[in-house]
Amino acid sequence: MGRKILFIMTDMMRWDALGYMGDPVARTPNLDRLAKEGILYQRAYNQNPLCMPSRSSCLTGQYPRTNGSWNNGIALYHEAPTFAEALHEQGYRTALIGKGHFEPYSSKHSLETALGSSFRFGPLRGFDYYIGAGHDLVPMGGHYTQWLKRYHPQYLEGYYYDLLNPPTKPGEHSTMNVIKGGETGAVFVKENDIPRELYHTDWTADHATRYLDSVDDEEDWCVWLSLPDPHHPWDPPSSENHRVNWRDLDPAPGFGESDEQRLKWLEDKPWHWKQWYTGEKFISFEAVEGFSYQENITSDNVREIRAKIYISNELIDEAIGKVLKYLEDRGWLDDTDIFFSPDHGAMDGDLGLQLIGPDLTDHCCRLPLIWKPAKSANIPAAEVTAPVGLIDLAPTFCQIAGGEVPEWMEGQPLPASEQEAQAQGRQTVYTQYESHTPDASIIMNAVYADGYRCIVYERSMTYDGTEGELYKVDEDPLCLVNLWDDPAHQGIKKDLIDAVRSDLLSRPLLHPLPEPGALI
């Protein structure tokens, strides 16, 4: 009998939003304990700041340019190799419980949606068992949504229901709904009267333990527990509002003190950043077409949204605690490797912006990654400051399972210590982004190394390829001061640009076209 694997993922959670990463308001004791007893990666990054490509990199251990999922709406091709398949070959039972999102939910060709709408439970991409839940009621075919419709339809209207406006005629695409709610009139906020036990956080965790009830003690297993929160819309159960009062929160430092200060920060960056804030141009789907944050976001809005996020994160932590208690009661905890990470971060009001978008700074790309090795592995607790990525999870799972790391994986097993990271030669970690709209064409590649975040823009319809961003993130975690044109930093900038071009961009490129109309 080998070691078991529990991979816990959240959606759109900032690196600095949890207790163990220093947030003074966050109450996340279960995650804090995992970080204290396990390995905390202080410089972990995703390989894309969007849901589908980031999750596809986790599943395949490949960069987006290799597996072809380069933006939301670009499905991971069905023949793509996955760590779940590799573990299955090692005799593991495999399950994905919660949000998958390797295919656009809005696609009629989505296998995930087809399984949910027909109440079938796999197989899916190497997972024997799959039961899906989203952070809103799209897709209507998801298992959670279908369950709610069937057994508790009175609570459907409590959710921020219509996150998307579907296209009305051929050639159009979906648009994001920007309904205001809550006490401050914040976009994507709604009071939700659903009982906590029916909300998707507890529902997903409960289904994880129900699945594990079907597993025999002598069987090896890998469960990807994918919790949909704290992604927008922000509508956790209203019964939990007592946990954090938005009025008690300090203003977010990254929001700035005035519109003038925000504009000053944004104008120090390439062109699209300011357009994201003003909404004058449609720069990406995630940035919300035709919506002006400049005119529609206040400090109180940000505080209320952050309060909802704190509440969601507390519920997540308590749900994780229930799963850990289950493992302990089954006698499995000491033989289970536990991993935790979001798929990406979020702006959450910094620079006057919300959600995600054409951004490769630490807001959307840095992650609070934990690996709590099985006690039976005798790996001591540690903090690792060397750069690592989500691309390294798949080979780590294969190594734990006792198999060879497949040649098609581009990551390498996570280091268990700073010394091991040095032995692996870890100096860089890369992230990619690409988006095209009628108003903007943005292609960026980023690297973290030696305390710097360097973002290199490629030639496109929007940029000529000389633009970029450079931040000394150890000193400037909010990425407010762009050093790209600073004379004192031209040497380090050149070295980091060379690293991006010689390492990341030398890899083969698979670049499928998006499916018309399928944007998420």
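Residues numbered from 1 in each chain as written. Predicted model: local features only at pLDDT ≥ 70, side-chain atom pairs only at ≥ 80, totals over all residues. Heavy atoms only, no water.

Draft legend 1. How the structure looks around unusual backbone geometry. In the segment running from G122 into P123, the intervening peptide bond is cis, with an omega of 5 degrees. Secondary-structure assignment places P123 in the loop between α5 (111-117) and β4 (129-132). The linkage connecting H232 with the following residue, P233, adopts the cis geometry, with an omega of 0 degrees. Relative to the helices and strands, P233 resides in the loop between β9 (221-226) and α8 (259-267). One non-glycine residue, M12, lies in positive phi territory at about 65 degrees. Here M12 is to be found in the loop between β1 (4-10) and α1 (29-37). Unlike most non-glycine residues, L351 shows phi in positive territory, near 60 degrees. (Helix = DSSP H or I, 4+ residues; strand = E, 2+ residues; numbered from the N terminus.)

Draft legend 2. Molecular detail of α1. Every buried residue of α1 is accounted for by N30, L31, L34 and A35. Down the axis of α1, the sector holding all buried residues measures 140 degrees, keeping them to one side. Seen from the buried face of α1, the exposed residues on the opposite side, beyond 90 degrees, are P29 and K36. Summarising the contacts, the buried residues of α1 are in contact with β2 (39-45), α11 (299-330), β10 (336-342) and β11 (366-372). (Buried < 20%, exposed > 50% of the residue type's maximum accessible area, 1.4 Å probe, protein only. Arc of directions from axis to C-beta. Contact = heavy atoms within 4.5 Å.)

Draft legend 3. Region of the structure containing the packing of aromatic side chains. Applying the stated rule across the entire model yields 25 aromatic pairs. For the ring pair F83 and F127, a centre distance of 6.0 Å and an interplane angle of 90 degrees mean the geometry is edge-to-face. Placement of the pair is F83 in helix α4 (residues 83-89) and F127 in the loop between α5 and β4, with a sequence separation of 44 residues. F127 shares its class with F83; the two are buried. Their ring planes at 75 degrees and their centres at 6.2 Å tell us that F188 and W234 sit as a pair that is edge-to-face. Pair noted here: F188 is in the loop between β8 (186-187) and α7 (200-213) and W234 is in the loop between β9 and α8, with a separation of 46 residues, a long-range link. Site record: aromatic cluster; members linked through ring pairs are F7, F83, F102, F127, W224, F339, W371 and F397. Seen from the ring of F255, R262 lies directly overhead, with NZ or CZ sitting 4.0 Å from the centre. The positively charged end of K269 is found above the aromatic ring belonging to W273, 5.2 Å away from the centroid. (Phe/Tyr/Trp six-rings, centres within 6.5 Å; stacked < 30°, edge-to-face > 60°. Lys NZ or Arg CZ within 6 Å of the ring centre and 35° of its normal.)

Draft legend 4. Layout of the pattern of salt bridges. Taken as a whole, this structure holds 32 salt bridges when the rule is applied. Close ionic contact of D329 with K325 constitutes a salt bridge, the shortest N to O distance being 3.0 Å. With D329 and K325 both in helix α11 and four residues apart, this pair spans about one turn of that helix. The exposed category is assigned to D329, whose relative accessible area is 55%. Looking at K325, the relative accessible area reads 44%, which means it is partly exposed. The salt bridge partner of D503 is R507, with a shortest N-O separation of 3.1 Å. (Salt bridge = Lys/Arg side-chain N within 4 Å of Asp/Glu carboxyl O.)

Draft legend 5. Representation of the side chain of Q275 within the structure. The topology assignment puts Q275 in helix α9 (residues 271-278). Classification of Q275 as buried rests on a relative accessible area of 10%. Setting aside residues up to four positions removed in sequence, Q275 forms contacts with E280, K281 and I283.

Draft legend 6. Examining the packing of α8 against α9 more closely. At a minimum axis separation of 8 Å, α8 and α9 run at an interaxial angle of 150 degrees. Regarding the angle of α8 to α9, the classification is roughly antiparallel. Judged by residue contacts, D259, R262, L263, L266 and E267 of α8 engage W273, K274 and Y277 from α9. Along the lines of polarity and charge, the residues of the contact of α8 with α9 split into four nonpolar, no polar and four charged. (Axes fitted to C-alpha atoms, helices over the stretch in contact; angles between N-to-C directions. Parallel < 35°, antiparallel > 145°, perpendicular 65-115°, else oblique. Nonpolar A, V, L, I, M, F, W, Y, C, P; charged D, E, K, R; others polar.)

Draft legend 7. Summary view of the nonpolar core. In terms of nonpolar packing, the biggest core is built from 54 residues, with F188, Y293 and L353 touching the most fellow members. When contributions to this core are tallied by element, the ones reaching two or more residues are β8, α8, α9, α11, α12 (362-365), β14 (429-436), β15 (441-449) and β16 (452-457). Looking at this core element by element, the count peaks at four residues for β15. Ignoring anything within four residues of it in the chain, the contact list for L353 reads L266, W273, W276, Y277, Y293, M347 and D348. (Core = buried A, V, L, I, M, F, W, Y, C linked by side-chain atoms within 4.5 Å.)

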